Protein chains: 2
Amino acid sequence: MNDRADKKTARATADQVAREANVSRVAVSRAFNPNASLKPEKRDRILQVARALNYTPDMAARSLVTGRSHLVGMIVPDVCSPWESQEIDALTTALQAEGFATLLFKAKADFSMDPRLLTYMRGFNPDSVIAFTENILPDVLCSFLDRAVPIYVIYDDVKQFAGAASGTLYDRLLVRQKNGIEQAVALLQGYGARRIAYLGGKAQSLANAERERTLRETLNERGMDPPVVLAGDYTYDTAYQATLDLFRIGEGADAIFAANDVGAFGAIDALRHELGLSVPDDVKVVGFDDIPQAHWKSYNLTTVRIDLEERVRALVRLILMRLRAPDAAPLTETLNTRLIVRGTVG
Amino acid sequence: MNDRADKKTARATADQVAREANVSRVAVSRAFNPNASLKPEKRDRILQVARALNYTPDMAARSLVTGRSHLVGMIVPDVCSPWESQEIDALTTALQAEGFATLLFKAKADFSMDPRLLTYMRGFNPDSVIAFTENILPDVLCSFLDRAVPIYVIYDDVKQFAGAASGTLYDRLLVRQKNGIEQAVALLQGYGARRIAYLGGKAQSLANAERERTLRETLNERGMDPPVVLAGDYTYDTAYQATLDLFRIGEGADAIFAANDVGAFGAIDALRHELGLSVPDDVKVVGFDDIPQAHWKSYNLTTVRIDLEERVRALVRLILMRLRAPDAAPLTETLNTRLIVRGTVG
DNA sequence: TCTGTGAATGAACACGTTTTCATTTTGTGA
DNA sequence: TCACAAAATGAAAACGTGTTCATTCACAGA
């Protein structure tokens, strides 16, 4: 109780530190700003007093005057999906090292975005925003943001968002899926697959749409039939059921190209544990992402990798460059994909 | 460019709204505070103008004067682990509905906490803090927090943290692992297991220590031998290797009780795919957590469930109650565990 | 010693809110 | 109509910081 009462007054301010150290409050501010001009010995003394008083500059007050919140907003539809959680983890670590904290928001599971969520986020004034949910147009997102310039992850088709108002500024991370998909198709073709099924992700997902489009294009270029398309939603259970349907109701397939690794796991388990088929002897399976689970022995999945570290580095680069030059022309970083060959094709 | 220039002035303030609506700035503030006294028609008009101007109250400025940041800090060692990511997801959703945003911080992977991280977090003035990394004592954590009262997840042993300074205030979520572990041991015993191995989690994890202690106690109560303990770290790869060692170098076991589901997966894969043993015929496996992957057909894991929704509800309840009564006596919520029987014991 | 240059310093202001408090308006009962 | 309580209103203060700007200080060169 006594302790609690003390706590009420415990939060030290710059004024208290200044008084204690016999300096002006401005000096305290400067002590915490490395490139401000302040006598070194004075700075040391101030920092020492600050530590004794357990003083930390208040970010809210700081952001009020500097206009920088040191917050990076992330809007995610599904934090628990392995790929997203990996990315959030790596991104948070990288941004933390640069002095930014992660502000996490959960969009609705169907990838749509509640306008109230955007309004809500706006109140926190994030310095940058990364939208992991893909179907909100730059125009709309920007109208809810002030200083922050949004970053979009764009797959293959550079012309995407061409319909956006020409004045709208956003930065792009361009993921070239073509390489990886081409390698995967070549491998499947080499092992004799003729009839390929595409096990889709969420219908609203642009990544999914582009993945299917690029697969279709690649099959066509290599003189193969267009894919049988199975509706999915990136989850294990839906993929499992869709695979059962394909082989029980539909006409089956030589190979399944899944929109993500988790979907591939569902397909593999349906084939092996319910349909009694062998992977890869009867049916070959390829995934997308290369999440950590892909190398687990039960799956040992051949998959198209998007290199996570590269991807995070690119995103952080975009954020920092944009913050350094808020009015610069649109920035673009490019990322390649490549096939990781394991045991589900052969 | 023109668009960018406009943006500089785009962020509307309460003053602008007030001017536009012919009211005082105070009225605007009240319009956004539902229980402030304001003529309904006036409030409507203000809100309408606010929407037209795309105005949102600035959280930083608001928090400066109210002392409430509407931020909940979460310190996590490993966002990508399925259990943590599930919990972050559910907690973020629940808190969002209550008007709190999630501020995510990444602790070092070895569960230790950089003091600079705490200092850094302190600057954001979170209303509440949840530490998913377990080995930082309340005394230490509180010394870095001001208004926020930390929440600790405590397993079984209520006397934990008894060594903390008596004045230190923290709230507790008490997880009764005993039930679930007892059910698991009974099931294993019923199927004839005699020699049980405990596949541990991170050595520094209190959850892990208590899980082992409770298992040992339960085995003893039921007249069984103490467990063979395998060092682990909650990861698949380490569990895989530890299981190989147990059967190649060590003396094997009838059953493996893993500290978490992911570890159980590693054990199962090592047994089936490298040691040529059958699960559950040769070796039985029990996990802990019941993450979504536990029901995947390749594993179909029998495991001790900590009900996530219940857990999140309890945590949110603790946060809200503490915010409502900052000086209340320590709060405690209790959570039970129970066995989910699937196919890895039988 | 004098001058000039750049670093070091602090007073005052600014950021965008909510809260307090004193005042005005509205509504109710006699 | 009057009196009184309750609701509605706005001016001013407060929250804790960074920045601006004018001033002072330290030091090197002549």
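What counts as what
Residues numbered from 1 in each chain as written. Chains lettered and ligands numbered in written order. Predicted model: local features only at pLDDT ≥ 70, side-chain atom pairs only at ≥ 80, totals over all residues. Near = placed C-beta within 6 Å. Helix = DSSP H or I, 4+ residues; strand = E, 2+ residues; numbered from the N terminus. Nonpolar A, V, L, I, M, F, W, Y, C, P; charged D, E, K, R; others polar. Contact = placed C-beta atoms within 7 Å. Buried ≥ 20, exposed ≤ 12 C-beta atoms within 10 Å, placed from the backbone. Least-squares fit on C-alpha atoms with pLDDT ≥ 70 in both. Expected span 1.5 Å × (residues − 1). Axes fitted to C-alpha atoms, helices over the stretch in contact; angles between N-to-C directions. Parallel < 35°, antiparallel > 145°, perpendicular 65-115°, else oblique. Left-handed = near helix turned anticlockwise from the far one by under 90°. Pairing = 2+ DSSP bridges. Right-handed = clockwise from strand over helix to strand, strands pointing away.

Visitor: Hey, could you run me through the protein's contact with DNA strand C in this one?
Guide: Near DNA strand C there are 24 residues, and of these Ser24 and Ser37 of chain A together with Ala14, Ser29 and Ala61 of chain B occur at the shortest range. Listing elements by their share of the surface near DNA strand C, those giving two or more residues are helix 3 (25-31) and helix 5 (59-66) of chain A together with helix 3 (25-31) and helix 5 (59-66) of chain B. Per element, the largest residue contribution to the surface near DNA strand C is five residues, and it comes from helix 5 of chain B. Its residues assigned to classes, the surface near DNA strand C comprises 13 nonpolar, six polar and five charged.

Visitor: Would you explain the interface of chain B and chain A in this entry?
Guide: Put simply, an interface is often sized by how much accessible area is lost when its parts join up. Contacts between the two partners involve 51 residues from chain B, matched on the other side by 51 residues from chain A. Among the secondary structure elements, those contributing two or more residues to the side of chain B that touches chain A are helix 1 (2-8), helix 5, helix 6 (82-97), strand 2 (101-106), helix 7 (115-123) and helix 12 (261-274) of chain B. A breakdown of the residues in the side of chain B that touches chain A according to their chemical character gives 20 nonpolar, 19 polar and 12 charged.

Visitor: Help me understand the environment of Arg338 of chain A, please; the structure alone is not making it clear to me.
Guide: Residue and element names in this part refer to chain A. By the secondary structure assignment, Arg338 is in strand 11 (residues 332-340). For Arg338, a count of 16 C-beta atoms within 10 Å corresponds to the partly exposed category. Here the alpha-carbon distance between Arg338 and Lys178, two residues 160 residues apart in the chain, equals 8.9 Å. What Arg338 contacts, discounting residues up to four positions off in sequence, is Asn179, Gly180, Gln183 and Arg305.

Visitor: Explain the relation of the copies chain B and chain A to me, please; I cannot follow it from the model alone.
Guide: Copy one and copy two of the chain differ by a rotation about a common axis and a shift along it. At an RMSD of 0.0 Å, chain B and chain A line up after a rotation of 180° and a shift of 0.0 Å along the axis. Here the symmetry operator amounts to a two-fold rotation axis. When the interface residues of chain B are mapped onto chain A, 100% of them again fall at the interface, so both copies present the same face.

Visitor: For this particular structure, what's the right way to read the environment of Gly266 of chain A?
Guide: Residue and element names in this part refer to chain A. If you trace the backbone, Gly266 turns up in helix 12 (residues 261-274). Given 27 C-beta atoms within 10 Å, Gly266 falls into the buried group. On a C-alpha basis, the gap between Gly266 and Thr238 in space is 7.7 Å, while along the polypeptide they are 28 residues apart. In this structure, Gly266 is in contact with Tyr236, Asp237, Ala239, Tyr240 and Thr243, ignoring residues within four places of it in sequence.

Visitor: What's the story with the protein's contact with DNA strand D in this structure? I'm lost.
Guide: Taken together, 24 residues are adjacent to DNA strand D, and Thr13, Ala14, Ser29 and Ala61 of chain A together with Ser37 of chain B come closest. Secondary-structure elements contributing two or more residues to the surface near DNA strand D are helix 3 and helix 5 of chain A together with helix 3 and helix 5 of chain B. Among the elements that take part in the surface near DNA strand D, helix 5 of chain A stands out by supplying five residues, more than any other. For the surface near DNA strand D, a count of residues per class yields 13 nonpolar, six polar and five charged.

Visitor: Before we go on, may I ask you to explain helix 4 (residues 40-53) of chain A in this structure?
Guide: An α-helical turn contains 3.6 residues, so any two residues separated by three or four positions project in the same direction. Residue and element names in this part refer to chain A. With 14 residues, helix 4 extends 20 Å from end C-alpha to end C-alpha; this agrees with the ideal 20 Å at 1.5 Å per step. Of the surrounding elements, those touching the buried residues of helix 4 are helix 2 (14-21) and helix 3. A positive backbone phi angle near 60° is found at Asn54, which sits one or two residues after helix 4.

Visitor: In this structure, what is going on with the packing of helix 6 (residues 82-97) of chain A against helix 13 (residues 308-324) of chain A? I would like to understand it.
Guide: In a packed pair of helices, the relevant descriptors are the angle between the two axes and the axis-to-axis distance. Residue and element names in this part refer to chain A. As a packed pair, helix 6 and helix 13 sit with axes 10 Å apart at the nearest point and diverge in direction by 50°. When the axes of helix 6 and helix 13 are compared, the pair comes out oblique. Remark: the crossing between helix 6 and helix 13 carries right-handed chirality. Residue-level inspection shows Gln86, Glu87, Ala90, Leu91, Ala94 and Leu95 of helix 6 in contact with helix 13, the latter providing Leu308, Glu309, Val312, Leu315 and Val316. For the contact of helix 6 with helix 13, the residue count by class is eight nonpolar, one polar and two charged.

Visitor: Help me understand the pairing of strand 9 (residues 284-289) of chain A in this model?
Guide: In the case of a regular strand, side chains alternate between the two sheet surfaces. Residues and elements named next belong to chain A. The buried count for strand 9 comes to six of six residues, which makes it a mostly enclosed element. Note that strand 8 (residues 255-258) and strand 9 share three bridges and pair parallel. Counted as the bridge partner of Ala255 is Lys284 from strand 9. The β-α-β motif built from strand 8, the intervening helix 12 and the parallel element strand 9 has right-handed crossover chirality. In terms of strand pairing, strand 9 meets strand 10 (residues 302-306) through four bridges, oriented parallel. The residue of strand 10 that forms the bridge with Val286 is Thr302.

Structural measurements only, silent on function.
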